[in-house]
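# Observations on the model geometry
The chain contents come next:
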Amino acid sequence: MTQDGAGRRLVLHLGVQKTGTTSLQRFLKLNAEALSDLLVIRTPEEGTPMRPLGRAAIAASLGDSGDLRRALKIAFEDVLETIPDGPQAVLISHENLAGAMPGNGGETQLYPALPQMLQQVDGVARSRGFDPHYVFYTRRMSTWKHSVWAQAVRTDGYAETREAFLKEVSDLPGWGDLERRLARQLGPDRVTRLALEAETDPDRPGQQLLAIGGIGPDRVAGLALLQSRAMERLNDGSTEFLRRLNGLALNPHARGRIVDLVTRSQHLFTADMPSEGTL
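Here goes a summary of the coordinates provided. The shown structure was predicted, so the numbers you read here are calculated from the model rather than taken from an experiment.

Conventions used here
- Residues numbered from 1 in each chain as written.
- Predicted model: local features only at pLDDT ≥ 70, side-chain atom pairs only at ≥ 80, totals over all residues.
- Heavy atoms only, no water.
- Helix = DSSP H or I, 4+ residues; strand = E, 2+ residues; numbered from the N terminus.
- Rg over C-alpha atoms; globule rule 2.2 N^0.38 Å.
- Buried < 20%, exposed > 50% of the residue type's maximum accessible area, 1.4 Å probe, protein only.
- Contact = heavy atoms within 4.5 Å.
- Areas by Shrake-Rupley, 256 points an atom, 1.4 Å probe, with all protein chains shown as cover.
- Lys, Arg positive; Asp, Glu negative; His and termini not counted.
- Charge placed at Lys NZ, Arg CZ, Asp CG, Glu CD.
- 1 Å grid on protein atoms, 1.4 Å probe; cavity = no way out; pocket = protein on both sides within 12 Å on 5 of 7 lines; lining within 4 Å.
- Points joined across faces, edges and corners; volume = space filled by probe spheres on them.
- Nonpolar A, V, L, I, M, F, W, Y, C, P; charged D, E, K, R; others polar.
- Pairing = 2+ DSSP bridges.
- Salt bridge = Lys/Arg side-chain N within 4 Å of Asp/Glu carboxyl O.
- Axes fitted to C-alpha atoms, helices over the stretch in contact; angles between N-to-C directions.
- Core = buried A, V, L, I, M, F, W, Y, C linked by side-chain atoms within 4.5 Å.
- Phe/Tyr/Trp six-rings, centres within 6.5 Å; stacked < 30°, edge-to-face > 60°.

## Comments concerning the overall build of the protein chain
Within the protein chain, the regular secondary structure consists of eleven helices and five strands. Since a compact globule built from 279 residues should have a radius of gyration of about 19 Å, the 20 Å found for the protein chain is in line with a globular shape. Principal axes of the C-alpha set define a box for the protein chain whose edges measure 70 × 45 × 35 Å. Looking at the protein chain as a whole, 46% of its 279 residues qualify as buried. Taking contacts inside the protein chain between residues at least 6 apart in sequence as the whole, the part at least 24 apart equals 77%. Accessible surface, the protein chain: about 14100 Å² in total, of which carbon and sulfur atoms supply 51%. A gap of 2 Å separates the mean positions of the 33 positive and 34 negative side-chain charges of the protein chain.

## Regarding the environment of Ile-212
Within the fold, Ile-212 resides in helix 8 (residues 207-212). Sequence-wise, Ile-212 and Val-11 are 201 residues apart; in three dimensions their C-alpha atoms are separated by 7.5 Å. Leave out the neighbours within four places in its chain, and Ile-212 touches Arg-9, Val-11, His-133, Val-135, Thr-192 and Leu-194.

## Re empty space enclosed by the protein
With the rule as written, the count across this model stands at two cavities of 30 Å³ or more. Roughly 30 Å³ of volume is contained in the second largest cavity. In this structure, the second largest cavity is lined by Ser-61, Ala-98, Ala-100, Glu-107, Tyr-111, Pro-112, Ala-113, Leu-114 and Met-117. A breakdown of the residues in the lining of the second largest cavity according to their chemical character gives seven nonpolar, one polar and one charged.

## A closer look at the pairing of strand 1 (residues 8-13)
Side-chain direction in a regular strand flips from residue to residue, so the side chains alternate between the two faces of the sheet. Summarising burial for strand 1: five of the six residues are buried, a large majority. In this structure, strand 1 lies alongside strand 4 (residues 130-138), joined through six bridges in parallel fashion. Of the residues in strand 4, the one forming a bridge with His-13 is Val-135. Examined bridge by bridge, strand 1 and strand 3 (residues 89-93) share four bridges and lie parallel to one another. Directly across from Val-11, in strand 3, lies its bridge partner Leu-91.

## Overview of the pattern of salt bridges
Any two side chains of opposite charge can pair if their charged atoms end up close together. Per the stated rule, a full pass over the model turns up 14 salt bridges. Put simply, Asp-37 and Arg-219 hold a salt bridge, and the shortest N to O gap is 2.6 Å. Residue Asp-37 is located in the loop between helix 1 (21-30) and strand 2 (39-42), and its partner Arg-219 is located in helix 9 (residues 217-221); the two are separated by 182 residues in the primary sequence. Residue classification places Asp-37 among the partly exposed residues on the basis of a relative accessible area of 47%. Glu-77 is the salt-bridge partner of Lys-73, the closest N and O atoms lying 2.7 Å from each other. Taken as a pair, Lys-73 and Glu-77 lie in helix 3 (residues 66-80) at a separation of four residues, close to a single helical turn.

## Section: the sheet that holds strand 4
Hydrogen bonds along the backbone pair up the strands of a sheet, which may run parallel or antiparallel. On the basis of which strands lie adjacent, the open sheet formed by five strands has the order 2-3-1-4-5 and parallel pairing. The open sheet terminates on both sides in strands that have one partner only, identified here as strand 2 and strand 5 (191-195). Averaged over all neighbouring strand pairs, the angle between strand axes comes to 20°, with direction disregarded.

## Considering the nonpolar core
Grouped together as the largest cluster of nonpolar side chains are 54 residues, with contacts concentrated most on Leu-10, Leu-14, Phe-76, Ile-92, Tyr-111, Trp-144 and Trp-175. The element that contributes the greatest number of residues to this core is helix 5 (residues 141-155), accounting for seven residues. Those residues in contact with Phe-76, other than ones at most four positions away along the chain, are Leu-10, Leu-12, Leu-53, Ile-92, Val-121, Val-124 and Ala-125.

## What about the packing of aromatic side chains?
With the rule as written, the count across this model stands at four aromatic pairs. Summarising the aromatic geometry, the rings of Trp-144 and Trp-175 are spaced 4.7 Å apart at their centres and angled 70° between planes, so their arrangement reads as edge-to-face. Pair noted here: Trp-144 is in helix 5 and Trp-175 is in helix 7 (residues 175-186), with a separation of 31 residues, a long-range link. This pair shows no difference in class: Trp-144 is buried, exactly as Trp-175 is. When the centroid spacing of 5.6 Å and the interplanar angle of 80° are considered together, the rings of Tyr-158 and Phe-165 count as edge-to-face. Residue class for Phe-165 comes out buried when judged on its relative accessible area of 1%. Ring-pair connections join several aromatic residues into one group, and the members of that group are Tyr-111, Trp-144 and Trp-175.

Take a look at the structure:
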């Protein structure tokens, strides 16, 4: 507990998907040591409990069962076990904490299970002496839908055309609806929606989020710059190739290998690619 009796500050960054989370997490990882006197940072690194937490959140969002809810609780507890004692605030960032995005696992709504999932997470955090605050980034909805479709094709095996996807999600409410649902479940003072468009420095992403974690602009200005972007959208030809591939009965490992090859060789899927010789 902090000296004023409140729990230890815990900021849970929920993503959502396709709002710059991967670049933000690279920036956090790059500067985790430099910020360690003020902030404990957890992002989904390979081999850490953060990876199972993301998988548990996706599963819990797609299936309503006691076993899935218990798995999410246990996965979150495992992450909290890695947090060292101390006065620093804690920032946990995982885009899949929001659950399945539209196009993943048959989901067509705007994170319908998220309020109930976070209520369970909230209870765990408070029982461990934390004061949790929930943050999510958004983009203009029309732009976001296009990016989500391309990501669902790339990572989730989605096989429908963009036009079919946009028709499926045509009735999605605005981001304010998600914010209101979360606020009703968790309290309006513990939910913050941030606009990705308000981030002004692509080499220092996530400044609004860091401010919520107690990191001021002067401290941010001294952090190391992000040197590369992450998860850039595939070109149209590559995306269309993968969409058609998703209609085939391939095992997930084989499909993953092909996705990696396509990602590295996008120039092969452009209509105006120059000839590289005879076959």
